[in-house]
Structures are given as structure tokens and as C-alpha cells.
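Descriptive structure summary
Chain residues, written in single-letter form:
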Amino acid sequence: AWLAWLIEHVAWRSDRRIMYERAVDVPRLRANYALDGDESAPDVVLRCAGVAQEAAPAPYNSVGLNYYRNGGDGVAPHNDRMSDLMEGEPIALLSLGGPRTMVISPKTHPRKAVRLSLESGSVLVMDYQSQHHYLHGIPKVRAADARISLAFRVRPLRPIGSVAHD
């Protein structure tokens with residue numbers, strides 16, 4: 001029920017970014033909410049935050065939503081921007097909808113990847129230090145059901161007028 005509500009009611013945005021010296025569409029839809037008193041976060045998102053809080057207690061103040069509409073959507077291997085994270089705090093990823101595989105691989109040799117099936121309702125917790133040593137991504141696949149991931153993070157407080165990254 002949360003998946004269907006989020007698909008219909010979130011103000012999803014489609015982004016473009018520079019890759020390989022050209023602008024390309026980001027192969028998923030995205031949205032963000034503040035969780036530190038921002039009244040714009042829907043009740044469903046706050047309830048999802050409760051699930052993340054149970055799995056990995058932290059003072060989460062931000063959630064990034066990724067909507068993978070089908071198997072053609074994914075995210076390339078990456079690590080989160082360290083300047084956008086609070087040192088020592090976890091990142092909790094709640095999956096809703098169709099299962100997808102997350103590939104986690106070390107940044108150094110040997111680069112033996114681990115493949116995790118993220119089932120609906122599962123929570124994957126990454127610690128701050130993992131972003132220094134591992135890449136994570138959701139590869140595109142031939143066919144897949146709709147999936148939304150909610151990534152709960154503790155973001156550093158920024159001075160008024162500064163720009164935060166997604």
C-alpha cells in the first residue's frame with residue numbers, strides 16, 4: 001500500500017546529469033524530503049522513517065526517494081558524497097515493491113562483488129565508513145516490477161543560503 005501511495009502522490013522529478021561528456025537522463029525518478037520538522041514530508045514517508053529507525057536508530061533528517069519504474073531504471077555503482085553525510089551515522093535504505101539486486105563492490109582489488117536481493121520491506125544499513133571503501137548500485141535488468149527505495153540519512157546542518165546536494 002505504501003508503494004502505491006508513493007507512486008501516485010509524490011512529486012517525482014526526472015533529472016539530467018553529465019556523464020561521459022554529455023547530458024543524459026537519470027534512469028529513475030527522484031524526490032527528497034527533510035525529516036527535521038518539515039511539514040512537507042507525507043505521513044507515509046514518516047511511517048517509513050519509523051521502519052528505518054527500528055532497524056538502525058539515528059537522528060535521520062533527510063530522505064531521498066528513488067522510483068525504479070521498471071527494469072530499464074537503475075543506478076550506476078557509486079558511493080554517497082561524504083560532505084553530505086554526518087560522520088558516524090548510518091544510512092538506512094528501505095525497499096518497497098519488486099525485488100531488485102544491489103551490487104556492492106570494494107573500491108580496491110580484489111573487487112569481488114556481493115549481490116544482495118532487496119525484497120519489499122527489507123532494510124539495508126550501510127555505515128558511514130562503507131562509503132570510503134565500497135561502491136553500491138542497482139543494475140538495469142531485462143524486466144522488473146516497480147520499486148521505490150527510501151534512503152534515510154543524517155545530513156550535516158548547512159548555513160542559510162548554502163546549497164545541499166541530493
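One can find the structure itself at the top, above this paragraph.
This text gives an overview of the structure that appears in the document. As a convention, each chain's residues are numbered from 1 in the sequence order in which they are written. Per-residue local features are limited, in this predicted model, to residues with pLDDT of at least 70; the limit for side-chain atom pairs, both in listing and counting, is 80 or more; totals at the level of whole chains, interfaces and linings are taken over all residues. Excluding hydrogens and water, the side-chain figures rest on all heavy atoms present in the structure.

Considering the side chain of R153
For clarity, the threshold we go by: A helix here means a DSSP run of H or I that spans at least four residues, while a strand means a run of E at least two residues long, and both kinds are numbered starting from the N terminus. Each residue is assigned to one of three classes by its accessible area relative to the maximum for its type, calculated with a 1.4 Å probe on protein chains only: buried under 20%, partly exposed between the two thresholds, exposed over 50%. A contact between two residues is defined here by any heavy atoms of the two lying within 4.5 Å.
For R153, the location among the structural elements is in strand β11 (residues 147-153). With a relative accessible area of 13%, R153 lands in the buried category. Other than its neighbours up to four places away in sequence, R153 contacts Y60, N61, S62, G64, D80, L85 and I91.

Here's the deal with the layout of surface pockets
Where we set the bar: A cavity here means a set of points on a 1 Å grid, drawn over the protein atoms and nothing else, where a 1.4 Å probe fits but cannot get out; a pocket is an open set with protein on both sides within 12 Å along at least five of seven lines, and a residue lines either one if it has an atom within 4 Å of a point. Grid points are joined across faces, edges and corners, and a volume is the space filled by probe spheres set on the points. Just so you know the grouping, Ala, Val, Leu, Ile, Met, Phe, Trp, Tyr, Cys and Pro go in nonpolar, Asp, Glu, Lys and Arg go in charged, and all remaining residues, Gly too, go in polar.
Size it by volume and the largest pocket reaches roughly 870 Å³. What lines the largest pocket is a set of 41 residues, and nearest its centre among them are R17, R28, V75, A76 and H78. A per-class count over the lining of the largest pocket returns 18 nonpolar, ten polar and 13 charged.

Some details on the packing of helix α1 (residues 2-9) against helix α2 (residues 43-55)
Quick reminder of the rule: As a rule, the C-alpha atoms of each element are fitted with a line to give its axis, helices using only the stretch in contact, and angles between N-to-C directions run from 0 to 180 degrees. Here the angle decides the label: under 35 degrees means roughly parallel, over 145 means roughly antiparallel, 65 to 115 means roughly perpendicular, and every other value means oblique. Take the far helix as your reference; a near helix turned counterclockwise from it by less than a right angle gives a left-handed crossing, and one turned clockwise gives a right-handed crossing.
Relative orientation of the contacting elements α1 and α2 amounts to 135°, with a least axis distance of 10 Å. The orientation of α1 with respect to α2, classified from their angle, is oblique. Like other packed secondary-structure pairs, α1 and α2 cross with a definite hand, here left-handed. Contacts between α1 and α2 pair W2, W5 and L6 from the former with V44, V45, R47, C48 and V51 from the latter. Of the residues contributing to the contact of α1 with α2, the split by class is seven nonpolar, no polar and one charged.

Here we look at the sheet that holds strand β9 (residues 123-126)
Selection rule: One requirement defines pairing of two strands: DSSP has to find at least two bridges between them.
What the five strands build is an open sheet, ordered β3-β4-β11-β6-β9; its pairing is antiparallel. Of all the strands in the sheet, the pair left with one neighbour each is β3 (29-34) and β9. Direction aside, the axes of adjacent strands within the sheet are offset by 20° on average. Note that strand β4 (residues 62-68) and β11 share seven bridges and pair antiparallel. When the sheet's bridge partners are listed, S62 is paired in β11 with R153. Of the strands in this sheet, β4, β6 (91-97) and β11 are in contact with α1, which crosses β11 at around 85°. Most of the contacts of α2 go to β11, to which it runs at about 65°, and overall it touches β3, β4, β6, β9 and β11.

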